[in-house]
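Residue strings, one per chain:
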Amino acid sequence: VERRLFQWERGLGFGEAEASLVEELCLHSGWPETPKSNLPLYLTGDLRPLVDNYPDLVLLRDVVFLFKLLLAPTGDALPELKRWRPADAALEWAWSADRGEFTVTGFGGKDLRPPPPPPEAKGKGRGILGALGSIFSGTSKLRSEPSPADPSVVAGVPISSEDDVLHLSTEELRALPGLQGSGLQPRDAELLLSYLTVPYLRIALVLDLMADPTRVACLAAPSVQR
């Protein structure tokens, strides 16, 4: 059975993977396993054996949490912008038996919680592209500008695969927001969008596309250079 540790983006509960790990460590080290309600306290450090004997596991817990927190596409879940000290990033963990989840604070006592994955990422959507629906709808404040090389940014509508590109009309391809003034023909714009959806190979594909003598002049357009 597949178990994944520290899926904080799915919630701050004490999951099956965490429970299995703590139980195995208790069995291996001779720590008390009962009552079961105390197992989360090993992970918070309220019960000291795990923190004292496996400090690297505690560091991994915090690194994974901060990494997933910083993946937020908006600044809503992040601390305010200011000159923070390294010590401010130290996380304080507590277990709430009533809510059945951890409470994590840091950066001046702010409650921290990694944002959940976008709905598209749970099903057919790929990567962070599924999150762009909320960006274009204006429901969230961006923490930074999205990449101009993202096909969704170029098209002005969410693009997660080549199928989405094929549904764009010729007129839409002529008026792509991310290619204004580029001089690319609709067919070339369609190829460019399709190539941008290909992971790992898109740089080589785009270079091959733009190296054609009939398109190389389009590289002078600022929209293409971005």
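Residues numbered from 1 in each chain as written. Predicted model: local features only at pLDDT ≥ 70, side-chain atom pairs only at ≥ 80, totals over all residues. Heavy atoms only, no water.

Novice: What is the right way to look at the pairing of strand β2 (residues 101–106) in this model?
Specialist: Every other side chain in a regular strand lies on the same face of the sheet, so the side chains alternate between the two faces. For β2, the buried fraction is high: 5 of the 6 residues fall into the buried class. Both strand β1 (residues 92–96) and β2 contribute to a ladder of 5 bridges, which runs antiparallel. Across the sheet, E92 pairs through a bridge with T105, a residue of β2. Between β1 and β2, which pair antiparallel and follow one another directly, the connecting turn spans 4 residues, one of which, G100, has a positive phi of 70°. (Buried < 20%, exposed > 50% of the residue type's maximum accessible area, 1.4 Å probe, protein only. Helix = DSSP H or I, 4+ residues; strand = E, 2+ residues; numbered from the N terminus. Pairing = 2+ DSSP bridges.)

Novice: Just checking my understanding: could you explain the sheet that holds strand β3 (residues 110–112) for this structure?
Specialist: Sheets are built from strands paired through backbone hydrogen bonds, the pairs being either parallel or antiparallel. As summarised here, the arrangement of the 3 strands in space is β1-β2-β3, forming an open sheet in which the pairing is antiparallel. Two strands lie at the open edges of the sheet, namely β1 and β3, each paired on one side alone. Neighbour to neighbour, the strand axes of the sheet diverge by 35° on average, direction disregarded. With 3 bridges joining them, β2 and β3 adopt antiparallel strand pairing. In the strand pairing of β3, T105 is matched with D111. Running at roughly 90° to β1, helix α4 (residues 55–70) makes contact with β1, β2 and β3 of the sheet. (Axes fitted to C-alpha atoms, helices over the stretch in contact; angles between N-to-C directions. Contact = heavy atoms within 4.5 Å.)

Novice: Would you mind showing me how to read the pattern of salt bridges here?
Specialist: Side-chain pairs of opposite charge can arise whenever the charged atoms involved come near each other. Inspection of the entire model under this criterion finds 14 salt bridges. Note that K36 and E23 form a salt bridge whose closest N and O atoms lie 3.2 Å from each other. Residue K36 is located in the loop between α1 (16–29) and α2 (39–44), and its partner E23 is located in helix α1; the two are separated by 13 residues in the primary sequence. R61 is paired through a salt bridge with D62; the nearest N and O atoms lie 2.8 Å apart. Note on R61: relative accessible area 4%, which makes it buried. The class of D62 is buried, set by a relative accessible area of 15%. Counted as one network, the salt bridges with shared partners bring together E9, R10 and K68. (Salt bridge = Lys/Arg side-chain N within 4 Å of Asp/Glu carboxyl O.)

Novice: Would you mind showing me how to read the confidence of the model for the protein here?
Specialist: For any part of a model where pLDDT is low, the fine detail of the predicted coordinates should not be relied upon. In the predicted model, the protein carries a mean pLDDT of 84, and the fraction of residues at 70 or more is 87%. Scored below 50 in pLDDT, residues 121–139 shows 27 contacts in the model against residues more than four places distant or in partner chains. (pLDDT = per-residue confidence, 0-100.)

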